[in-house]
Amino acid sequence: MPPESGSAAVADAVTAAYRQEWPTVVASVARVTRDLDLAEDCAQEAFASALTRWSATGVPDRPGAWLTTVARNHALDVLRRKGRAARLLPLLVMDQSTAHGDPGDRAGTGVDDDRLRLILTCCHPALDRPAQVALTLRLVCGLSTSEVARAFLVPQPTMAARITRAKKKIAVARIPFRIPDDDRLPERLDAVLQVVYLVFTTGHAAPSGASAVRDDLADTALRLARLLHDLMPHDARVAAMLALMLLTSARRGTRVAATGEPVALPEQDRSRWDRAMIAEGATLVRRSLRSRPTRYGLEAAIAAVHAQAGEWESTDWAEIVDLYDLLAQQWPSPVVGLNRAVAVGFRDGPEAGLQALAPLIADPIAQVYPYVAAAHADLLRRAGRAEEARQAYRTAIDLTENAAERAGLQRRLDALT
């Protein structure tokens, strides 16, 4: 193949490896060095090395193992210079077949995953909640600082400072890289659930880039949710979050058109939804709602109503609005308010939806969150207010960083003009 094609193939391979292997490489180095900054730096060095070395030697059969070895070797070089290698050398040179075991972890849990250890470390109670989630998204998922900032709806410099402070606090507090004991695990669970679900939503609706979704992130989050459920099978919060992910993932294959644009829920081919996932999710919803409903339990119940409707026209919007009312009472947020307004618009008509959305339109969140403008535009279009809808679509396009979502919004705007 010509050099340009070879270079492009290597770049694609490195990009794919980054999405699939980043958390494993970072977590593997972090587990043995106990240094998050060093682990991240060594992982970045490994991926940079792959760009040049794979061009000469070819892409290895096991990219993850190659990257982990290079990252560990780089960590060893750094530690030698710092005089710390003697203490950590036995861990750094352990055979890859034993690299995912740790004598310090609890026996008998059936959980043996460095990424889960890394999440639990990042979710230590010494950190505040925003720092816990932000640090995990950066280290476990490899999201850029700008992507994490967008997930939190805050400026990028604010997020960069938050991540830096969190790393320093972990280092100063000497927080261990391990799964905590049973009596300590519950205090970290809320943060862990928020982390895993934010990873899922970032993959379900990618905030930036060329694709409307990032299956790698959604799949990683779903796997981590299953691990948590294996670890705490009787916890209603874990069951509810896993149910929500399953019910949402069941329609993932119908959410993106061949052009790459997102497909709205009314236009999705429901015959292609994964019925096994829907059945598993519905079972978990029922189990989770036996106790006091949790945020994820109510959201999963809403997803179940959508999933179990045979066609768009038969959706029970009254039940969905009632569930959003319960959700808004206990866990109010702009996202809940937005989704409730959309549901009201389908239950009672677009003008009622616009009235429900009005507080969010006047809120500063509308200046940074494109889905407010997109929902506003859709309600205006359905209400026959074409000129106002065109302006709202333009606002949504200006705020949207995801290329596929921008294209979909532009298509709707063109249809009006």
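So, how was this worked out
Residues numbered from 1 in each chain as written. Predicted model: local features only at pLDDT ≥ 70, side-chain atom pairs only at ≥ 80, totals over all residues. Heavy atoms only, no water. Helix = DSSP H or I, 4+ residues; strand = E, 2+ residues; numbered from the N terminus. Contact = heavy atoms within 4.5 Å. Areas by Shrake-Rupley, 256 points an atom, 1.4 Å probe, with all protein chains shown as cover. Salt bridge = Lys/Arg side-chain N within 4 Å of Asp/Glu carboxyl O. Buried < 20%, exposed > 50% of the residue type's maximum accessible area, 1.4 Å probe, protein only. Core = buried A, V, L, I, M, F, W, Y, C linked by side-chain atoms within 4.5 Å. Phe/Tyr/Trp six-rings, centres within 6.5 Å; stacked < 30°, edge-to-face > 60°. pLDDT = per-residue confidence, 0-100. Expected span 1.5 Å × (residues − 1). Axes fitted to C-alpha atoms, helices over the stretch in contact; angles between N-to-C directions. Parallel < 35°, antiparallel > 145°, perpendicular 65-115°, else oblique. Nonpolar A, V, L, I, M, F, W, Y, C, P; charged D, E, K, R; others polar. Left-handed = near helix turned anticlockwise from the far one by under 90°.

Below, the discussion takes up the overall build of the protein. Across its full length, the protein holds 19 helices and two strands. At a minimum sequence separation of 6, the contacts of the protein that also span at least 24 residues come to 64%. In the form shown here, the protein has an accessible surface area of approximately 19000 Å², with 52% of it arising from carbon and sulfur atoms.

Summed over the entire model, instances satisfying the criterion amount to 15 salt bridges. With a closest N to O distance of 2.8 Å, R226 and E280 form a salt bridge. With a gap of 54 residues between them, R226 in helix 10 (residues 215–231) and E280 in helix 12 (residues 275–288) connect regions that are remote in the sequence. Given the relative accessible area of 33%, R226 is considered partly exposed. Under the relative-accessibility criterion, E280 is labelled partly exposed at 30%. Between D348 and R347 there is a salt bridge whose closest N-O contact spans 2.8 Å. We classify R347 as partly exposed; its relative accessible area is 36%. What emerges from the salt-bridge pattern is a single network uniting D37, E40, R138 and K167.

Counting 108 residues, the largest nonpolar core has L67, L118, L135, L137, V196, M241 and M245 as the members making the most contacts within it. When residues in this core are grouped by element, the largest group, eleven residues, is from helix 9 (residues 185–204). Ignoring any residue separated from it by four or fewer positions in sequence, one finds L67 in contact with A17, E21, V25, A46, F47, A50 and W54. Of all hydrophobic cores here, the second largest spans 22 residues; its members include L354, L357, A374 and A375.

For the rest of this paragraph, the subject is the packing of aromatic side chains. Under the criterion given, the structure shown has ten aromatic pairs. Measuring from centroid to centroid gives 5.3 Å for Y18 and F47, while their planes differ by 70°, and the two rings are edge-to-face. Taken together, the positions of Y18 in helix 1 (residues 3–33) and F47 in helix 2 (residues 36–57) put the pair 29 residues apart, joining distant regions of the chain. A relative accessible area of 27% means that Y18 is categorised as partly exposed. In this structure F47 comes out as buried when scored by relative accessible area, which is 7%. Note on W317 and F346: the rings are 4.8 Å apart at their centroids and 20° apart in plane angle, and the pair reads as stacked.

A few words now on helix 5 (residues 114–122). Among the nine residues of helix 5, nine are classified as buried, and the element is accordingly described as predominantly covered. Taken together, the buried positions of helix 5 are occupied by D114, R115, L116, R117, L118, I119, L120, T121 and C122.

Time to look at the confidence of the model for the protein. Residues at a pLDDT of 70 or more form 88% of the protein, whose mean pLDDT is 84. Between residues 89–112, whose pLDDT stays under 50, and residues either more than four places distant or in other chains, the model counts 46 contacts.

So, on to helix 15 (residues 334–348). Its 15 residues give helix 15 an end-to-end C-alpha distance of 21 Å, which sits within 8% of 21 Å, the value for a rise of 1.5 Å per residue. Where helix 15 is buried, its residues touch helix 14 (317–330), helix 16 (350–361) and helix 17 (370–382). The first or second residue beyond helix 15 is G349, which carries a positive phi of 110°.

Here A386 is to be found in helix 18 (residues 386–399). With 30 residues separating them along the chain, A386 and L416 place their C-alpha atoms 6.7 Å apart.

Next up on the list: the packing of helix 9 against helix 11 (residues 236–249). Two numbers describe how helix 9 lies on helix 11: the axes approach to 11 Å, and their chain directions differ by 5°. By the angle class used here, helix 9 and helix 11 are roughly parallel. Contact residues: L189, D190, L193, V196, Y197, F200 and H204 in helix 9; R237, V238, M241, L244, M245, T248 and S249 in helix 11. A breakdown of the residues in the contact of helix 9 with helix 11 according to their chemical character gives nine nonpolar, three polar and two charged.

Another point: the environment of D190. By secondary structure assignment, the location of D190 is in helix 9. For D190 and R129, which are 61 residues apart along the polypeptide, the C-alpha to C-alpha distance reads 9.2 Å. Setting aside residues no more than four positions away along its own chain, D190 makes contact with R129 and R237.

To continue, consider the packing of helix 16 against helix 17. For the pair helix 16 and helix 17, interaxial distance at closest approach is 9 Å and the crossing angle is 155°. With respect to helix 17, the element helix 16 is oriented roughly antiparallel. The way helix 16 lies across helix 17 gives a crossing that is left-handed. Touching P350, G353, L354, L357, L360 and I361 of helix 16 are V372, A375, H376, L379, L380 and R382, all from helix 17.

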